[in-house]
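# What the coordinates show
Listed here are the chains, written in short residue letters.
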Amino acid sequence: MLDEIKKDAQTRMNKSVESLRHDLTKVRTGRASTALVDHLKVNYYGSDMPLTQVASVAVTDARSLTITPWEKQMVSAVEKAIINSDLGLTPNTAGTVIRINLPALTEERRKELSKHVHGEGENAKVAIRNIRRDANHQVKELLKEKLISEDDAARSETEIQKLTDDGIKNVDEVVKAKEQELMAV
């Protein structure tokens, strides 16, 4: 029973860290990445489709992406999706190939993005602490119902705290890596 609680807490904490990793791929650094446009939706014959399902996206060099729609009539829809996105990028179209040049980030923008990354990291830490609280609450319920001894409860809470510390350490590593990526010129 206690093992299930710990295993569940571990799984949920790992998911929080992975979710943070995934969210941070959307933060634009100075380097081009296909993950930058993965979340974009394109109007494809009346329904919103992920960009990756209507076009191929490739990194041509450190500061540019090329998007090649699979159907010629999709070029304007893809352009519109990029322009209307929160990325602040301008597509350049040549025939059926759309190029996106990523301008170098200003120092001010880097600091702004760094604050955003820190905020996302703090949100992930809060989620991990909430998971710890839930797990400890489940342990206390078992103790209250006299299904486990006080020693087992104390041991479990210590192990749950260790899981929490590991989770927070992982969040800090992810945030630090993203910050280094942001600050690299």
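Residues numbered from 1 in each chain as written. Predicted model: local features only at pLDDT ≥ 70, side-chain atom pairs only at ≥ 80, totals over all residues. Heavy atoms only, no water.

The protein is annotated in an unreviewed UniProt entry as Ribosome-recycling factor from Lysobacter zhanggongensis. UniProt annotates the protein under Sequence similarities (unreviewed entry) with the comment "Belongs to the RRF family." Listed in UniProt under the heading Function (unreviewed entry), the comment for the protein reads: "Responsible for the release of ribosomes from messenger RNA at the termination of protein biosynthesis. May increase the efficiency of translation by recycling ribosomes from one round of translation to another." (UniProt positions renumbered as here; feature names shortened; annotations may be inferred.)

## A short note on the pattern of salt bridges
With the rule as written, the count across this model stands at 12 salt bridges. In this structure, the salt-bridge partner of Arg-155 is Asp-152, at a minimum N-O distance of 2.9 Å. Remark: Asp-152 and Arg-155 occur in helix 4 (residues 150-183); sequence separation between them is 3 residues, near one turn of the helix. For Arg-155, a relative accessible area of 46% gives the class partly exposed. Taking the relative accessible area as the measure of exposure, Asp-152 reaches 26% and is therefore partly exposed. With its nearest N and O atoms 3.6 Å apart, the salt bridge here joins Lys-178 to Glu-181. Taken as a pair, Lys-178 and Glu-181 lie in helix 4 at a separation of 3 residues, close to a single helical turn. Assessed through its relative accessible area of 8%, Lys-178 is described here as buried. In this structure Glu-181 comes out as partly exposed when scored by relative accessible area, which is 31%. (Salt bridge = Lys/Arg side-chain N within 4 Å of Asp/Glu carboxyl O. Helix = DSSP H or I, 4+ residues; strand = E, 2+ residues; numbered from the N terminus. Buried < 20%, exposed > 50% of the residue type's maximum accessible area, 1.4 Å probe, protein only.)

## A word on the sheet that holds strand 3 (residues 55-61)
The antiparallel open sheet is built from 4 strands, whose spatial order is 3-4-6-5. Edge positions in the open sheet fall to strand 3 and strand 5 (91-94), since each of these has one partner strand only. When the angles between neighbouring strand axes are averaged without regard to direction, this sheet yields 25°. (Pairing = 2+ DSSP bridges. Axes fitted to C-alpha atoms, helices over the stretch in contact; angles between N-to-C directions.)

## Things to note about the nonpolar core
Judged by nonpolar contacts, the single largest core of 26 residues is most densely connected at Leu-20, Val-139 and Val-171. Contributing elements (two or more residues each) for this core: helix 1 (2-24), helix 3 (107-144) and helix 4. In contact with Leu-20, other than residues within four places in its own chain, are Glu-120, Gly-121, Ala-124, Val-171, Val-174 and Val-175. The next biggest cluster of nonpolar side chains, apart from the first, holds 22 residues, and it includes Val-54, Ile-82, Leu-87 and Ile-98. (Core = buried A, V, L, I, M, F, W, Y, C linked by side-chain atoms within 4.5 Å. Contact = heavy atoms within 4.5 Å.)

## Structural notes on the packing of helix 3 against helix 4
Each pair of packed helices gets described by two things: the angle between the helix axes and the distance between those axes. Following both chains from N to C, one finds helix 3 and helix 4 inclined at 170°, their axes separated by 10 Å at the closest point. The angle between helix 3 and helix 4 places the two elements in the roughly antiparallel class. Residues that form the contact of helix 3 with helix 4 fall into these classes: 14 nonpolar, 8 polar and 11 charged. (Parallel < 35°, antiparallel > 145°, perpendicular 65-115°, else oblique. Nonpolar A, V, L, I, M, F, W, Y, C, P; charged D, E, K, R; others polar.)

## Some points on helix 3
For helix 3, with 38 residues, the first-to-last C-alpha span of 55 Å sits near the 56 Å given by 1.5 Å per residue. Phi turns positive one or two residues past the end of helix 3, at Lys-146, with a value near 60°. (Expected span 1.5 Å × (residues − 1).)

## Here's the deal with the packing of aromatic side chains
Ring pairs (aromatic) are described by centroid distance and by the angle formed between their planes. Going through the model one piece at a time under the given rule, you end up with 1 aromatic pair. With centroids separated by 4.7 Å and ring planes inclined at 70°, the aromatic side chains of Tyr-44 and Tyr-45 adopt a geometry described as edge-to-face. For Tyr-44, a relative accessible area of 22% gives the class partly exposed. Taking relative accessible area as the criterion, Tyr-45 reaches 57% and is therefore assigned exposed. (Phe/Tyr/Trp six-rings, centres within 6.5 Å; stacked < 30°, edge-to-face > 60°.)

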